[in-house]
Amino acid sequence: MPDAMPADEPALLSIDGPIATITLNRPAAFNAINLPIAQTLERLALQVEAEREIRVLVLRGEGRAFCAGGDLQTIGAAAEADTITPVVGELLQHYHAFIAALRRMPKIVLASVHGSAAGAGMSLAFAADLCIAAEEARFTPAYAKLGVSPDGGGTVGVVAAVGIRRALQIFLAEDSFTAQQAYDWGLVAKVVPAVELKAATRELALRLAQNAPAGLAATKALIHRAPTTPIEQQLDAERDAIIDCMHTEDFKAAVKRFLSKGK
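Heads up: these notes are all about the structure in this document. (Residues numbered from 1 in each chain as written. Predicted model: local features only at pLDDT ≥ 70, side-chain atom pairs only at ≥ 80, totals over all residues. Heavy atoms only, no water.)

**Side note on the overall build of the protein chain**
Where we set the bar: Helix and strand assignments follow DSSP, with helices taken as H or I runs no shorter than four residues and strands as E runs no shorter than two, numbered in order from the N terminus. C-alpha atoms define the radius of gyration, and 2.2 Å times the number of residues to the power 0.38 defines the globule rule. The buried label applies to any residue whose accessible area, calculated with a 1.4 Å probe on protein chains only, is under 20% of its type's maximum; exposed applies above 50%, and partly exposed to all values in between. Any two residues whose heavy atoms approach within 4.5 Å at even a single point are treated as in contact. Per-residue and other accessible areas were derived by the Shrake-Rupley procedure at a 1.4 Å probe size, with only the shown protein chains allowed to occlude residues. Counting rule applied: Lys, Arg positive; Asp, Glu negative; His and chain ends not counted. For this purpose, a charge sits on NZ of Lys, CZ of Arg, CG of Asp or CD of Glu.
Regarding its fold elements, the protein chain presents 12 helices and 9 strands. At 19 Å, the protein chain has a C-alpha radius of gyration in line with the 18 Å of a compact globule built from 263 residues. Across its three principal directions, the C-alpha atoms of the protein chain cover 70 × 45 × 35 Å. A total of 263 residues make up the protein chain; the buried ones form 40% of that total. Contacts spanning at least 24 positions in sequence make up 68% of the contacts within the protein chain whose residues lie at least 6 apart. As displayed, the protein chain has an accessible area near 13,900 Å², and 57% of this comes from carbon and sulfur atoms. Considering the protein chain, the positive charge centre built from 25 side chains and the negative charge centre built from 29 side chains are found 8 Å apart.

**Looking at the nonpolar core**
Put simply, the rule is: Remark: nonpolar core denotes a set of buried residues (Ala, Val, Leu, Ile, Met, Phe, Trp, Tyr, Cys) joined through side-chain atoms within 4.5 Å.
Formed by 53 residues in total, the largest nonpolar core has its most connected members in Tyr95, Val113, Phe126 and Phe139. Setting aside its immediate chain neighbours within four residues, Val113 contacts Phe66, Ala125, Cys131, Ile132, Ala133, Ala134, Ala137, Phe139 and Leu197. Residues Ala134, Val192, Leu197 and Ala200 belong to the second largest nonpolar core, which totals 14 residues.

**Digging into unusual backbone geometry**
One non-glycine residue, Phe30, lies in positive phi territory at about 55 degrees. On the accessibility criterion, Phe30 (36% relative accessible area) is partly exposed. Here Ala142, not a glycine, exhibits a phi torsion of approximately 70 degrees, which is positive. Checked against the element boundaries, Ala142 lands in the loop between strand 7 (138-140) and helix 5 (143-146).

In structure tokens form, the structure reads like this:
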């Protein structure tokens, strides 16, 4: 069921069975994040979160890049006008609500990256639960060169994936790095030729969507809370989650299939 949004919207949503796709749709600006796209992304994420049939959300960029980060024309104008606090504050209010929804929703979020993922675009790629990238993709932290700190969940996704020391290296000592480097560091799940990215993304999304909704949602929630949860609380959460999953029809059917194989 493709969404009936106008094609000139700054972000687009399409739904195909259990897989939803949000496309950043400012190709002339390399999908840079300004207020309209941030507001649209927040709205679309909440829509996906509320759709029970969706199991996987794919994030992609239209045109030559995944996302060039924050819109420097908007931010530069605000700096000249001394309106950084209200302008950037409002922009990040909506963009960070979008990022929070990605992390919170009981679906797996898969970033599909080609071209450039810079600044907040790099943060978005790694704030997603998983990332698949084209061989030619480049990840550019960008923040240090502008004399600022990360946003858009960059310190959340990167630190969780690579640890503190590598995160400091990435944000403070790397001008950019390749998809292969990102794979070697554990930031990217799979690297494929650019011409294969669309098909490989769909193949991985379909594989992820085979997971039963309860198990998928519980696994995501448990894994994301694990680094900051005391062991006793984490074990209690694991107990409660697996018992909840075992009450579902998906579990009962899976057990029957498994037991029947042994006969």
